[in-house]
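Reading the structure
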Amino acid sequence: MYLSLNWVKKWLKLPNGLSAEQLALDFTMSTVEVEKIIQQAKNLENIVVGRVEEITKHPQADKLEVCRVDVGDSSLQIVCGGTNLSKGMLVAVAKVGAKVKWHGEGELVVLTKAKIRGVESYGMIAAASEIGLVDLFPSQSDHEILDLSAFNLKVGQNLSQALELDDTIIDIENKSINHRPDLWGQYGLARELAAIYKINLKPYSRLPIKPQSKDLALKVTVEDTANCYRYMAVGLKNIKIEDSPWWLKKSLEAVGIRPINNIVDVTNYVMYELGQPLHAFDARQIDRQHIFVKGAKKGESFVTLDGKKRKLPEGALMISDQNKYIALAGIMGGQNSEIASDTSQIIIESANFKASSIRRTSMDLGLRTESSARFEKALDPVLAELALQKAVEIIIALNPGAIAASEVIDVSHSPYIVKIIEVSEALINQRFGSPIPTKEIKDILKRLQFGVNHRAGKFVIQVPSWRATKDISIAEDIVEEVARIYGYDNIAPTLPTVVLHEPSYDIASSTARDLRTYLAYAQSYTEVYTYAFTDVGWVPKLGLKLADHIKVKNAVSPEQSYMNLSLLPNLLKKAEENMRWYDHFKIFELQRVFDKNSKGTYHIDQQKNKFLPRQPMMLAGVELSRVSGEEAFLSAKGLIESLRDYFNIDWQSEKIDLPYAALAYQIKYQDLALGEFGILDSKLFDSGPNKVMVAWWQLSFETLLKYINENKSYSALAKFPVIKRDMSIIVGQSVAWQDIESEIYKVSPLIKHLEPFDVFIGEAIGHGKRSIAYHLEFRSEERTLASDEIDDLMKKIISNLQKKFKADLR
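Residues numbered from 1 in each chain as written. Predicted model: local features only at pLDDT ≥ 70, side-chain atom pairs only at ≥ 80, totals over all residues. Heavy atoms only, no water.

1. Points about the pattern of salt bridges
Taken as a whole and judged by the stated rule, the model has 41 salt bridges. Close ionic contact of Arg-230 with Glu-385 constitutes a salt bridge, the shortest N to O distance being 3.5 Å. Of the two residues, Arg-230 is situated in strand 14 (residues 228–237) and Glu-385 in helix 9 (residues 382–398); the sequence distance between them amounts to 155 residues. What makes Arg-230 buried here is its relative accessible area of 10%. By relative accessible area, Glu-385 is classed as partly exposed at 33%. Put simply, Lys-746 and Glu-743 hold a salt bridge, and the shortest N to O gap is 3.9 Å. Of this pair, Lys-746 and Glu-743 both sit in helix 18 (residues 737–747), three residues apart, which is roughly one turn of the helix. Residue class for Glu-743 comes out buried when judged on its relative accessible area of 13%. In the salt-bridge network here, residues are joined through shared partners; they are Arg-180, Asp-182, Glu-192, Arg-467, Asp-471, Glu-481 and Arg-484. (Salt bridge = Lys/Arg side-chain N within 4 Å of Asp/Glu carboxyl O. Helix = DSSP H or I, 4+ residues; strand = E, 2+ residues; numbered from the N terminus. Buried < 20%, exposed > 50% of the residue type's maximum accessible area, 1.4 Å probe, protein only.)

Encoded structure:
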């Protein structure tokens, strides 16, 4: 948003000696964020008004002329190729040292004296595009120079002064005024400056509309009253479409708008002055001059002013006549009703639409305009009348003979009421931390044009209509208004008195923090953060149903339409995306999921007893590697065992069948399911010619917290040595690891540790079999074991395995 200081000076006189830099600082500290200061005349330095006194042909070039140009204090010889060059023409002369764009392209370059085809040239007779004025002076050809003969200008005068292009423009960051619909126009910004600097602000002047005929039988029917708060319109006739006067063009140029014609320019001018968008229709294109405001139906389309055919979202607010749509309400007009060069009758629309309706349609269509940017901020409905009156006043002034040729239509369904807020003086002083004089508070609020009454230590405040739609609603908003105008720097800084309490121990956050560290540093896992939306491609692969997931009503994309019910779909998607870069990696995530079939503890609607869905914390991980399935499973199993020790929960694992797993186990504690782990079915993971194995695991973090045993037990170091033996057995591939380990540990309490270290599958050991090699450790707490004793235990282990699993010693 641009603030033009020349523009706001129509209504106020800024303090003497106030620099643009100080104004920008004051504005930033009190109201908005200033991005930069633009001095309009800066890029026109060393460019003056000249008169062509003499033209001769260039001796070495057919398309060039050698000109003698009067620039006031001297006469310059300049070589020029302008096709419209003529003797006596007033032109823009860029002297040596001026900054120009060659042929209107590229970056600005500093002009120097040059020899062109053997002839000295001491400057440039500039085209509009070469000095940044192409929007104000559009040309028919790239070879035309800027002709200023229509202006009454003094030769030698700086061009910026001669054309009054010497404004100071304050560039305001739009994000800093998203909550302030009143600051999207020059008058609203002037009102803010008046409050800051304690200066008078002239009332906004406009003339009432006086219809002089009823040649246009204008009617308006608002069908969608929920999204159209006010719709005003009036018809004008005897209109002549032509260029706008210079004052109007340069005003629009100051705020970055390209002039088009006198009607469109007036609507833009009023929009930038008041912040209220307007639209002008060619009355010939409006069937029976009957306008309807209604919602679009499913599957309909519309061609906007930019010539694009757009598929309309269902319910989009539209302006239509009896047969067709003529405008996308609050966003852009239609090509079928735009102002043409022969238009003589127009209908001016000034309306107020529901902010969320305009925002939603704008986002759905990917179409953002100056109009939609303002409507989506929740404009004051009062502006509609002010803007319509001002636009009609200017159009009639620019078109001698033009008259209002219809009644002024005003259909209002405004939901806004006069807003009264009571604020205690004690609250203001409490928030400030120091007392502010009552007189000072009243003065600030009155400067901001609030209605103020003070009695019994309370302020009764009437919020002005332009601040009541969105910005000011509670007592704290009033405190903020007083504080920012009073000046934050004027509030004495004091440290608050704080009573420190010992923080309560939060087992969830503490465990989550420690667990992340353990997985990352001790287990070489990488934590990932994914969206709360599930990957819909992996949901059916994992045997899940989309119907069991919570569906997002206003999804950003179809891929992000459902909330997570499990962390595995997103983790497997990330593994899929990264496997082309890495042969082996481990990733994990600790995040909430959303269970639509069980209710949480937070009410959505207490009267209807509706709750938010339960959102339990889950912990899940994936390990991808190019190894055998047994090795991948051993890695996952090893992690689960390490987590069992980490949480100090003596859980067990039971083999289960899952549709997406080649091998899977359920983790249980006291018959309570804590999670699962296993190997993913290789058919589900398209890894190309290089086969990969994917181990996965997931645990209910919320349930684990209930059973974490923080009572650590310690045992003394062993007094007697460990005896180690290795053993390799051949068993059927269907025999479970856990069953083998359980059978071995049953043999004797002297078996302290058992660890598989090698797995082999091949023809040498037989079909459907596998060889497993183990390290075994034996130790007694009371004596040193004898070798013979260990031999006997090994024989017993092998005998038991032969009986139980038909195992053979390899």
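2. Considerations on the packing of helix 6 (residues 262–274) against helix 9
Interhelical geometry of helix 6 versus helix 9 gives an angle of 140° and a closest axis separation of 10 Å. Classified by chirality, the crossing of helix 9 by helix 6 is right-handed. Each of Asn-262, Ile-263, Val-266, Tyr-269, Val-270, Glu-273 and Leu-274 in helix 6 lies in contact with helix 9, whose residues at this interface are Leu-383, Leu-386, Ala-387, Lys-390, Ala-391, Ile-394, Ile-395 and Leu-398. (Axes fitted to C-alpha atoms, helices over the stretch in contact; angles between N-to-C directions. Left-handed = near helix turned anticlockwise from the far one by under 90°. Contact = heavy atoms within 4.5 Å.)

3. Considering the sheet that holds strand 3 (residues 47–57)
Taken together, the five strands give an open sheet; going across it, the order is 5-4-3-6-11, and neighbouring strands pair in antiparallel fashion. This sheet does not close on itself; its edge strands, each paired only once, are strand 5 (75–80) and strand 11 (124–125). Pairing between strand 3 and strand 4 (residues 65–70): six bridges, direction antiparallel. Among the inter-strand pairings, Glu-54 is bridged to a residue of strand 4, identified as Arg-68. (Pairing = 2+ DSSP bridges.)

4. Looking at the domain arrangement of the chain
Domain annotation of the chain identifies domain 1 (2–41 + 168–197), domain 2 (46–157), domain 3 (219–412), domain 4 (419–490), domain 5 (507–707) and domain 6 (723–809). Relative placement of domain 1 and domain 5: their C-alpha centres are 54 Å apart. (Domains from an automatic or database assignment.)

5. Points about the pairing of strand 15 (residues 279–282)
Burial of the side chains of strand 15 extends over both faces: His-279 and Phe-281 are buried on one face and Ala-280 and Asp-282 on the other. Relative to strand 22 (residues 346–353), strand 15 runs antiparallel, the two being bridged by four bridges. By the bridge assignment, His-279 is partnered in strand 22 with Glu-349.

6. Re unusual backbone geometry
A positive phi angle, near 50°, is found at Ala-456, a position not held by glycine. Of note, Ala-456 is situated in the loop between strand 26 (451–455) and strand 27 (458–463). Assessed through its relative accessible area of 83%, Ala-456 is described here as exposed. The phi angle at Gln-670 is positive, at roughly 55°, despite the residue not being glycine. We classify Gln-670 as exposed; its relative accessible area is 58%.

7. Thoughts on the environment of Asn-262
Secondary-structure assignment places Asn-262 in helix 6. Owing to a relative accessible area of 1%, Asn-262 belongs among the buried residues under this scheme. Sequence separation between Asn-262 and Ile-239 is 23 residues; the distance between their C-alpha atoms is 9.8 Å.

8. Things to note about helix 14 (residues 507–522)
In a regular helix each residue adds 1.5 Å, so 16 residues correspond to 22 Å; helix 14 covers 21 Å between its end C-alpha atoms and thus fits that length. Turning to helix 14, its buried residues number three or more, namely Ser-510, Thr-511, Ala-512, Leu-515, Tyr-518 and Leu-519. Two or three places before Ala-508, at the opening of helix 14, Asp-506 has a side-chain oxygen 3.1 Å from that residue's backbone nitrogen. Immediately beyond the C-terminal end of helix 14, within one or two residues, lies Ser-524, with a positive phi of roughly 60°. (Expected span 1.5 Å × (residues − 1). Polar contact = N/O pair within 3.5 Å; in protein donor to acceptor, adjacent residues only side chain to side chain.)

9. Description of helix 11 (residues 438–447)
Every buried residue of helix 11 is accounted for by Ile-441, Ile-444, Leu-445 and Arg-447. For helix 11, the angular spread of buried residues about the axis comes to 160°, placing them on one side. Elements in contact with the buried residues of helix 11: helix 4 (186–197), helix 10 (425–432), strand 26, strand 27 and helix 13 (475–486). Downstream of helix 11 by one or two residues, Gln-449 has phi in the positive range, about 65°. (Arc of directions from axis to C-beta.)

10. Some details on the sheet that holds strand 12 (residues 168–172)
Across the sheet, which stays open at both edges, the three strands sit in the order 1-12-2 with antiparallel pairing between neighbours. Single-partner strands in this sheet number two, and they are strand 1 (2–4) and strand 2 (34–39). Averaged over neighbouring strand pairs, the angle between their axes works out to 20° when direction is ignored. Relative to strand 12, strand 2 runs antiparallel, the two sharing five bridges. Looking at strand 12, one finds that Gln-39 is bridged to Thr-168.

11. Some remarks on the pairing of strand 19 (residues 317–320)
Across the two faces of strand 19 the burial is the same, with Leu-317 and Ile-319 and Met-318 and Ser-320 all buried. Here strand 16 (residues 290–295) runs beside strand 19; their pairing, made up of four bridges, is antiparallel. Residue pairing across strands places Lys-294 opposite Met-318, the latter belonging to strand 19. Here three bridges tie strand 19 to strand 20 (residues 325–328), and the two strands are oriented antiparallel to one another.

12. Description of the environment of Ala-636
Relative to the elements of secondary structure, Ala-636 occurs in helix 16 (residues 629–647). In this structure, Ala-636 is in contact with Glu-623, Phe-677 and Ala-695, ignoring residues within four places of it in sequence.

13. Thoughts on the side chain of Arg-374
As for its position among the elements, Arg-374 is in helix 8 (residues 370–375). Within the structure, Arg-374 has its side chain in polar contact with the backbone oxygen of Trp-184 (distance 3.2 Å). Residues contacting Arg-374, with those up to four places away along its chain left out, are Met-1, Trp-184, Met-271, Tyr-272, Gly-275, Pro-277 and Leu-379.

14. Regarding the state of the cysteines
If you walk through the whole model with that rule in mind, you get zero disulfides. Cysteine Cys-67 remains unbridged, with the sulfur of Cys-80 as its closest cysteine sulfur at 5.3 Å. On the accessibility criterion, Cys-80 (4% relative accessible area) is buried. (Disulfide = S-S within 2.5 Å.)

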